[in-house]
Amino acid sequence: MFAGTIRMSVPILLPALGDIYTQRSGILNLGVEGVMLMGALAGFLGVAFTDNLFIGMVFSAFIGMISAGVMAFLSVTVKANQVIAGTAITILGAGLSSFLFRAIFGVQKLPPLVREFPVCKIPVLSDIPYIGTIFFEHNLFVYLAYILVPLTWLILERTTFGLNARAVGEHPHAADAKGINVSLTRYLCVLIGGAYAGLGGAFLSIGFMNTFLAQMVGGRGFIAIAVVVFSRWEPFRALAAALLFGVANALQVRLQAMGVPFPPQALQALPYIMTIVVLLSVSRRASFPSAYTIPFSREER
Amino acid sequence: MRKISCMVLVLVLVLVLALSGTAFAAEKLKVVLVLPGKMDDLSWNQSMYEGMKNLEAEFADKADFAYVEEVYDVAAIEPALRDFASEGYDVIFGHGFQFMEPILKVAAEFPNAMFALGTGFKSAQNTCIYDVKLDEGGYLMGVLAAHMTKTNKIGVLGGVDVSEIYRGHEAFKLAAKTVKPDIEIQEYYTGDWRDAAKAKEGALSMYDSGVDIMWHSGDGIGVGAVNAAKEKNKYILGNISDQYVLAPASLVSGTLYNWTSVIRQILNDILNDNFTNRENKSYWLTVPNEGIKLAPYHDFEEIVTPEIKAEVEKTIKALHDGTLKIPHFEK
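Attention in this report is confined to the structure presented alongside it. (Residues numbered from 1 in each chain as written. Chains lettered and ligands numbered in written order. Predicted model: local features only at pLDDT ≥ 70, side-chain atom pairs only at ≥ 80, totals over all residues. Heavy atoms only, no water.)

This paragraph deals with the side chain of asparagine 45 of chain B. Here asparagine 45 of chain B shows up in helix 2 (residues 44–53). Residue contacts for asparagine 45 of chain B: discarding those within four places in its chain leaves Leu35, Pro36, Gly37, Lys38, Met39 and His95 of chain B. (Helix = DSSP H or I, 4+ residues; strand = E, 2+ residues; numbered from the N terminus. Contact = heavy atoms within 4.5 Å.)

This is the structure we're talking about:
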């Protein structure tokens, strides 16, 4: 059950971490779901055509960046309404990914499968009783997600780029006066978010299912956005929140399978109910970046 | 002058051809199949798509067929149905339980169009329901699973617990309990039809707790369950389409749907003006009419013992001659 918790939280944690950059810089990218779907497809294509899992991962991050680049263009350059732009990206990603998959592979009698990601046991650590099998018997994606948590924190809190990103999200005019390129910083933050989301999507397609299915992300992109808000834009809290969602999900599977006399619909809603409860308890303390969803323009005050 | 008469002649010819074309086409039934998922999902949608595709040659001069995919959300279904009805489609197949309310609504607005609903329980004069007696298929799988298990723990995994899925699951459990009263059965509904990752996680969790054979009741989530069986090297039973290719070493057998005869029946009833005046609005896919069949054992031909095969055959025979009565499961 607990290894399942980890697996179920990775496709939420990865896009959530990326979205912390995006949101910290003042952009709300509601298109994470669409970006993840494009990443899922890209990862699958990368492996299908090169038979190299690493190329699949890189390609998914790359296509994730391109998809998010559309969002960056719309929200930073065109200064479009971010809610509408993000929704458009979600719809575009869903449609385009299944269209391209059909265009490339046609109507199939059997779904194209790619090779599986090997499970890498980390020596020594995976021998620890109980904890070892839960945390250290996964594939590369899971370890990547582990590493990205402190890395994201480090970049945001301890580097000039991180400081710039936060400044741009809090007070773009002051940042601009200080000589920070607001548009460039926002672009970079959205693109990084896209790369993470693309990897999150690829976890589902090549890291977990070794095939691509239409709509396979199943709303996890939106949960990632919620996770970012209730983690108050902090990577370690995002890890905790993603794990919480994973636990709730694994728990409802177990409860149902054990035959708890409870309607399955109520159990299926459990992860979402837990999400809302936690969101309610922390959101009073949540302080959104001051320039959240506000396009930056030098002329306006 | 000659030039003009020539042009007039051409014009007349074109007009005649065009008019005769439309007049000819108007006599053909325009049939559209609206699928909630992809036509190559190896499951619910694909079986129906292939079932209708098989009839194209047979009905070549009586009907034109069109196919639409991925009309999944109820919010998208209603406008889609209305579109087809107003574009002059005569017969509209809505292939899923979620089409029930939209079909009733649109059917009332277009009394001249005819609608066929894939599973459900409400109908109107110009609609019918085609459904699958998955209780029979589920019963069969329950017998097979209960005989195959070594750990005495079996599982069943489905999408949303409605309609035929619910009936199938209940019959599966009943059959297993009949074979082995002390058997432990785990059941899991993912709550949607296409989140394969969620289904896989559910299946992994059941296998981890000792389940060694499982039946999934199909749709997009089935791929996830089969994938889990492959990863854990445990047994799985499929539904709807033969999913042998997905996991040759794990897929013991399953149930197969063949919609062709049901669709043929519906179309013939419409062509013979025997549709709107029907009393019974339901067309059933059953084991006796061979709409539901047992999938081949493939690599398990040797592993499934002759005794077990005989038990399964006995069940099929009992369904055929009506000696096996499965109670009607109603929510």
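On we go.
Let's shift gears to the interface of chain B and chain A. Listed by partner, the interface residues are 34 residues for chain B and 34 residues for chain A. Interface area for chain B against chain A, summed over the two sides, is near 2,900 Å², with a carbon-plus-sulfur share of 50%. One can count five salt bridges joining chain B with chain A. Between aspartate 40 of chain B and arginine 102 of chain A there is a salt bridge, with the nearest N and O atoms lying 3.1 Å from each other. For the pair chain B and chain A, the interface holds 15 residue pairs in polar contact (both at pLDDT 80 or more). Secondary-structure elements contributing two or more residues to the side of chain B that touches chain A are helix 2, strand 7 (184–189), helix 7 (196–208) and helix 8 (221–232) of chain B. Top element by residues in the side of chain B that touches chain A is helix 7 of chain B. It accounts for nine residues. Partitioning the side of chain B that touches chain A into residue classes produces 12 nonpolar, nine polar and 13 charged. (Buried area = accessible area lost by both parts, 1.4 Å probe. Salt bridge = Lys/Arg side-chain N within 4 Å of Asp/Glu carboxyl O. Polar contact = N/O pair within 3.5 Å; in protein donor to acceptor, adjacent residues only side chain to side chain. Nonpolar A, V, L, I, M, F, W, Y, C, P; charged D, E, K, R; others polar.)

All names here are of chain A. Remark: helix 6 (residues 140–158) packs on helix 9 (residues 182–209), axes separated minimally by 11 Å, with the N-to-C direction vectors making an angle of 165 degrees. As summarised for this structure, helix 6 and helix 9 are arranged roughly antiparallel, according to the angle between their axes. Helix-helix and strand crossings are classified by hand; for helix 6 and helix 9 the assignment is left-handed. Seen from helix 6, the contacting residues are Phe141, Val142, Leu144, Leu148 and Thr152; seen from helix 9, they are Tyr196, Leu199, Ala202, Phe203, Ile206 and Gly207. (Axes fitted to C-alpha atoms, helices over the stretch in contact; angles between N-to-C directions. Parallel < 35°, antiparallel > 145°, perpendicular 65-115°, else oblique. Left-handed = near helix turned anticlockwise from the far one by under 90°.)

Right, let's talk about the packing of helix 7 (residues 160–170) of chain A against helix 9 of chain A for a bit. Residue and element names in this part refer to chain A. Axis separation between helix 7 and helix 9 bottoms out at 10 Å; the angle between their running directions is 105 degrees. Here helix 7 is positioned roughly perpendicular relative to helix 9, judged by the angle of their axes. Counting all contacts with helix 7, which are made through Phe161, Asn164, Ala165 and Val168, the residues of helix 9 involved are Val182, Thr185, Arg186, Leu188, Cys189 and Ile192. Residue classes in the contact of helix 7 with helix 9 are distributed as seven nonpolar, two polar and one charged.

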